[in-house]
Amino acid sequence: MKKLAYCTAVLLFLFIGVKGAVKLPRLVSDGMVLQRDQVIKIWGWADAGEAITLTFNNKTYKTKAGSNQKWSVNIEAQKAGGPYQMRINNIELKDLLFGDVWLCAGQSNMEAVMGRANIKANYSQIIQNSIYPEIRQFTVKRDMAFTPVEDVISDDGWVSVNPETILSFSAVAFFFAKDLYEKYKIPIGIINSSVGGTPIQSWVDYKSLKAFPEYDKVAKRFQDPQELAQTLNAHQLKSDSWYRSVKEDDLGLKEKWFEESYSTSTGWKEIDNLKQYNAEAKALKYGVVWFRTEIDIPASMIGKTAVLSLGMMHTEDETFINGHKIGSINSGYTLRDYTINPGLFKAGKNSITIRLTSPTTGLSFDIKNNYVLRFDRDTITLNKPWKYKFGIEKELLPRGNGLSLHTPTAYYYAMVKPLSNYKIKGILWYQGESNIPKPEQYQSLLRSLIAQWRTDWNDQNLPFIYVQLANYLATDSEPEKSNWALLREAQMKSLKIPNTAMAVIHDIGEKGDLHPRNKSDVGKRLALGAQKIAYQENIVFSGPIYKSIAIEGEKVVVSFDHVGSGLKFTGEKLNYFSISDDGKNFIPAQAKIVNNKVVVWNNLISKPIAVRYAWADSPDGANLYNEEGLPASCFKSN
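Residues numbered from 1 in each chain as written. Predicted model: local features only at pLDDT ≥ 70, side-chain atom pairs only at ≥ 80, totals over all residues. Heavy atoms only, no water.

### Some remarks on the overall build of the protein chain
When helices and strands are counted, the protein chain shows 13 helices and 34 strands. Across the 638 residues that make up the protein chain, the buried fraction comes to 53%. Long-range contacts, defined here as pairs at least 24 residues apart, represent 76% of the contacts in the protein chain between residues at least 6 apart. Surface accessibility of the protein chain: about 28200 Å² in total, with carbon and sulfur atoms responsible for 49%. Mean positive and mean negative side-chain charge positions of the protein chain (77 and 67 charges, respectively) differ by 3 Å. (Helix = DSSP H or I, 4+ residues; strand = E, 2+ residues; numbered from the N terminus. Buried < 20%, exposed > 50% of the residue type's maximum accessible area, 1.4 Å probe, protein only. Contact = heavy atoms within 4.5 Å. Areas by Shrake-Rupley, 256 points an atom, 1.4 Å probe, with all protein chains shown as cover. Lys, Arg positive; Asp, Glu negative; His and termini not counted. Charge placed at Lys NZ, Arg CZ, Asp CG, Glu CD.)

### Quick word on the sheet that holds strand β25 (residues 545–552)
One open sheet holds the four strands; their spatial order is β25-β26-β31-β30, and the pairing between them is antiparallel. Edge strands, defined here as strands with exactly one partner in the open sheet, are β25 and β30 (590–594). For this sheet the average axis-to-axis angle between neighbouring strands, irrespective of direction, equals 25 degrees. (Pairing = 2+ DSSP bridges. Axes fitted to C-alpha atoms, helices over the stretch in contact; angles between N-to-C directions.)

### Describing the pattern of salt bridges
This model, assessed by the stated rule, comprises 29 salt bridges. Notably, a salt bridge pairs glutamate 318 with lysine 325, separated by 3.1 Å at the nearest N-O pair. On the accessibility criterion, glutamate 318 (16% relative accessible area) is buried. Lysine 325 gets classed as partly exposed once you look at its relative accessible area, which sits at 48%. Residues arginine 525 and aspartate 507 are paired through a salt bridge, measuring 2.9 Å at the closest nitrogen-oxygen approach. Remark: aspartate 507 occurs in the loop between β24 (500–503) and α13 (520–533) and arginine 525 occurs in helix α13; sequence separation between them is 18 residues. Judged by its relative accessible area of 12%, arginine 525 falls in the buried class. The class of aspartate 507 is partly exposed, set by a relative accessible area of 26%. (Salt bridge = Lys/Arg side-chain N within 4 Å of Asp/Glu carboxyl O.)

### Some thoughts on the confidence of the model for the protein chain
Scored by pLDDT, the protein chain has a mean of 92; 95% of the residues are at 70 or more. In the predicted structure, residues 1–19 sits below a pLDDT of 50 and forms 11 contacts with residues beyond four places in sequence or in another chain. (pLDDT = per-residue confidence, 0-100.)

### Side note on the sheet that holds strand β6 (residues 70–75)
With antiparallel pairing, the three strands of this open sheet are ordered in space as β1-β3-β6. Looking at which strands have only one partner, the edges of the open sheet turn out to be β1 (22–23) and β6. The sheet contact formed by β1 and strand β3 (residues 40–46) spans two bridges and is antiparallel. Of the residues in β3, the one forming a bridge with valine 22 is alanine 46.

### Focus on the pairing of strand β18 (residues 348–358)
With nine of 11 residues buried, β18 is to be regarded as a mostly interior element. Of the strand pairs in this sheet, strand β13 (residues 286–297) and β18 are connected by 11 bridges, and their pairing is antiparallel. Each residue of the ladder has a partner; that of glutamate 294, found in β18, is serine 351. Sheet topology places strand β15 (residues 316–321) next to β18; six bridges connect them, and they run antiparallel.

### A word on the side chain of histidine 515
Its place among the elements puts histidine 515 in the loop between β24 and α13. For histidine 515, a relative accessible area of 10% translates into the label buried. Look past the residues within four positions of histidine 515 in its chain and what remains in contact with it is Ser108, Asn109, Arg116, Asn118 and Tyr333.

### Things to note about the packing of helix α5 (residues 171–184) against α13
Running from N to C, α5 and α13 point in directions that differ by 50 degrees, and their axes come no closer than 7 Å. Relative to α13, α5 is oriented oblique. Crossing handedness for the pair α5 and α13: right-handed. Of the residues in α13, those in contact with Val172, Phe175, Phe176, Asp179, Leu180, Lys183 and Tyr184 of α5 are Ser520, Val522, Gly523, Lys524, Leu526, Ala527, Ala530 and Gln531. Here the contact of α5 with α13 is built from residues that sort into nine nonpolar, three polar and three charged. (Parallel < 35°, antiparallel > 145°, perpendicular 65-115°, else oblique. Left-handed = near helix turned anticlockwise from the far one by under 90°. Nonpolar A, V, L, I, M, F, W, Y, C, P; charged D, E, K, R; others polar.)

### Quick word on the nonpolar core
Counting 103 residues, the largest nonpolar core has Ile191, Trp429 and Trp453 as its most contacted members. Leaving out residues up to four positions away in the same chain, tryptophan 453 has contacts with Leu103, Ala105, Trp203, Tyr412, Val416, Ile427, Trp429 and Phe464. Counting residues in hydrophobic clusters, the runner-up holds 44 residues, among them Cys104, Leu428, Ile505 and Phe541. (Core = buried A, V, L, I, M, F, W, Y, C linked by side-chain atoms within 4.5 Å.)

### Describing empty space enclosed by the protein
Applying the stated criterion across every chain yields a total of three cavities of 30 Å³ or more. In this structure, the largest cavity occupies an estimated 50 Å³ of space. Together, Asn109, Tyr430, Glu433, Ala470, Asn471, Tyr472, Trp484, Asp513, Leu514 and Pro516 line the largest cavity. Looking at the lining of the largest cavity residue by residue, the classes come out as six nonpolar, two polar and two charged. Met502, Ala503, Val504, Arg525, Phe541, Ser542, Gly543, Leu630 and Pro631 together form the lining of the second largest cavity. Residue composition of the lining of the second largest cavity, grouped by class: six nonpolar, two polar and one charged. (1 Å grid on protein atoms, 1.4 Å probe; cavity = no way out; pocket = protein on both sides within 12 Å on 5 of 7 lines; lining within 4 Å. Points joined across faces, edges and corners; volume = space filled by probe spheres on them.)

### Focus on α5
Note that an α-helix has 3.6 residues per turn; residues three or four places apart therefore point the same way. Between its first and last C-alpha atoms α5 spans 20 Å; for 14 residues at 1.5 Å apiece the expected length is 20 Å, and the two agree. With 12 of 14 residues buried, α5 lies mostly within the body of the structure. Those residues of α5 lying buried are Ala171, Val172, Ala173, Phe174, Phe175, Phe176, Ala177, Lys178, Asp179, Leu180, Tyr181 and Tyr184. Two residues or fewer after α5 comes lysine 185, characterised by a positive phi angle close to 55 degrees. (Expected span 1.5 Å × (residues − 1).)

### Notes on the packing of aromatic side chains
This model, assessed by the stated rule, comprises 40 aromatic pairs. Directly above the ring of tyrosine 535 sits lysine 425, whose terminal nitrogen or CZ lies 4.8 Å from the centroid. In this structure, arginine 612 is placed above the aromatic ring of phenylalanine 586, and the distance from its NZ or CZ to the ring centre is 4.1 Å. (Phe/Tyr/Trp six-rings, centres within 6.5 Å; stacked < 30°, edge-to-face > 60°. Lys NZ or Arg CZ within 6 Å of the ring centre and 35° of its normal.)

### Describing helix α6 (residues 213–221)
Buried residues of α6: Tyr215, Asp216 and Ala219, and no others. End-on view of α6: buried residues confined to an arc of 100 degrees, all on one side of the axis. Along α6, exposed side chains directed more than 90 degrees from the buried face belong to Pro213 and Lys217. Where α6 is buried, its residues meet α11 (442–456). (Arc of directions from axis to C-beta.)

### Details of the environment of threonine 198
Looking at the secondary structure, you find threonine 198 in the loop between β11 (188–194) and α6. For the pair threonine 198 and serine 434, spaced 236 residues apart in the sequence, the C-alpha separation amounts to 6.1 Å. Among the polar contacts made by the side chain of threonine 198, one reaches the main-chain carbonyl oxygen of valine 195 at a distance of 2.7 Å. (Polar contact = N/O pair within 3.5 Å; in protein donor to acceptor, adjacent residues only side chain to side chain.)

### Things to note about unusual backbone geometry
In this structure, the amide linkage connecting glycine 82 to the following residue, proline 83, adopts the cis form with an omega of 5 degrees. Mapped onto the elements, proline 83 comes out in strand β7 (residues 81–88). In this structure, asparagine 57 takes a positive phi of about 50 degrees despite not being glycine. Its relative accessible area of 37% is what places asparagine 57 among the partly exposed residues. Notably, tyrosine 576 is not glycine yet its phi reads approximately 70 degrees, a positive angle. When you line up the elements, tyrosine 576 lands in the loop between β27 (567–569) and β28 (577–580). Residue tyrosine 576 is classed as buried on the basis of its relative accessible area of 13%.

Shown next, in the form of structure tokens:
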């Protein structure tokens, strides 16, 4: 702790101890997009009493840093445009734009970048042609805090869109921004503050958790700096020991299992192909596992460049050809396409060896992978027997820095609250997957988050537009108990909060992939919500939302808001409605559209009292839309 205190003191001296030094928040930097039509606050830090002179657009603003070493200047509202320059004492800021700024937050489906393998492959032409100098993103770097901090962390600052930089843009946020830019022709700024795997309770302040004792207890615990430091130190020691062990005690490294001459005759298990490994392993294991196979390469292919494609792996790999390491990637979302130089292969037998290391996610392969060796005109499939053996089995190493991704308040204080001086047009929110185990909590937590963030930005009408969860997991026969449907319902009920809109996407996800590749339609549907809520456009922006039911004899008549030009369905008949006479046990029902309402019945039920629609984890076949092509949200009437 003494060492930590000393380092902190040194950093504080470097920060504020230099006479005349002015420090700006990372958001206030070259290339920033500032919110049009609002009074803009520019702020920073300096020595107490230090004079601050800000020059912008032929006007000069003066102030002094207070005793707390903080200063701020308000600039009158500006129309969309630019580029501008701004000077603050001896700091010159360039290429500034005024337009609309959106905070884009949530977990992995908001975080997912255009460069992620499945997304990149889906939008190669769009990426190639993406030159939008007035669409810019500021990416907040992942960080945790449990008490207020002054600023966020960012590696790159404000970045505009081109075919290279777009790969680091949030895909959902980019498509959202692109739609708005093409409609309104004004600069659009994205502040991307998202972290995969995080639940909603990690994005609120501790006051929002008083109704949830299990979260409140943890949040209060880590407000104690000593408790926090001890946790971080303990994890660092454990992490260092884990990685030292897999390096020093891995039998595969000791015996050099990657070498071409090594024999797998002792202790190795065999599987027909790599896709069988997950099932063969049965339960996730951690540590290091090695895989080996041999391939025959004809002499006609020797001397040619090849690409070894191994797909995505949920862990870190090191891959070897004939004893030579050809690559290593530590990412669950990056394709392993390793280029193999001419001369590495030989005619006849060649060995391929993969070393997988995993401390946290378990040793496994993506079930969608295809394993091939590609030459210019020839392909050799690797759908053949492989042998595998553990180099070392280890215990699970907790993720991150010893504090779980689920730790309450962790990301609010580090990645949201420090942004709140920066004026924005509205908020996009794409999150919920990590709250599936307890969907009954979600509506209250989302209400608290919206209220707290609006208070932070001092705007109780700040537009808040969010994504309802996509379809995911297996499609079972309806009806069923579904936490995914329950959480979608909680999201739908949150539409009662003023100035909110929701994008329904249970028709465009992938039930086998938590991170579906279709981000364009998600962005478009969010943009429709923004056009209505933030830009006051008179448009149909939502699919049908459940309103009420009326019992008419043996039938139930369902009414909806947001029917647009009328209700419709795709396919041969209206699907995925169910009906109940006790509110608990539901059976599949027939349904038809009558006068922009849906009439639901089943001849086995004479006195119905409740209806459900699309009530499943993955409601494949749910096909109720409005004429504008926007899908109806799932619902239950009771």
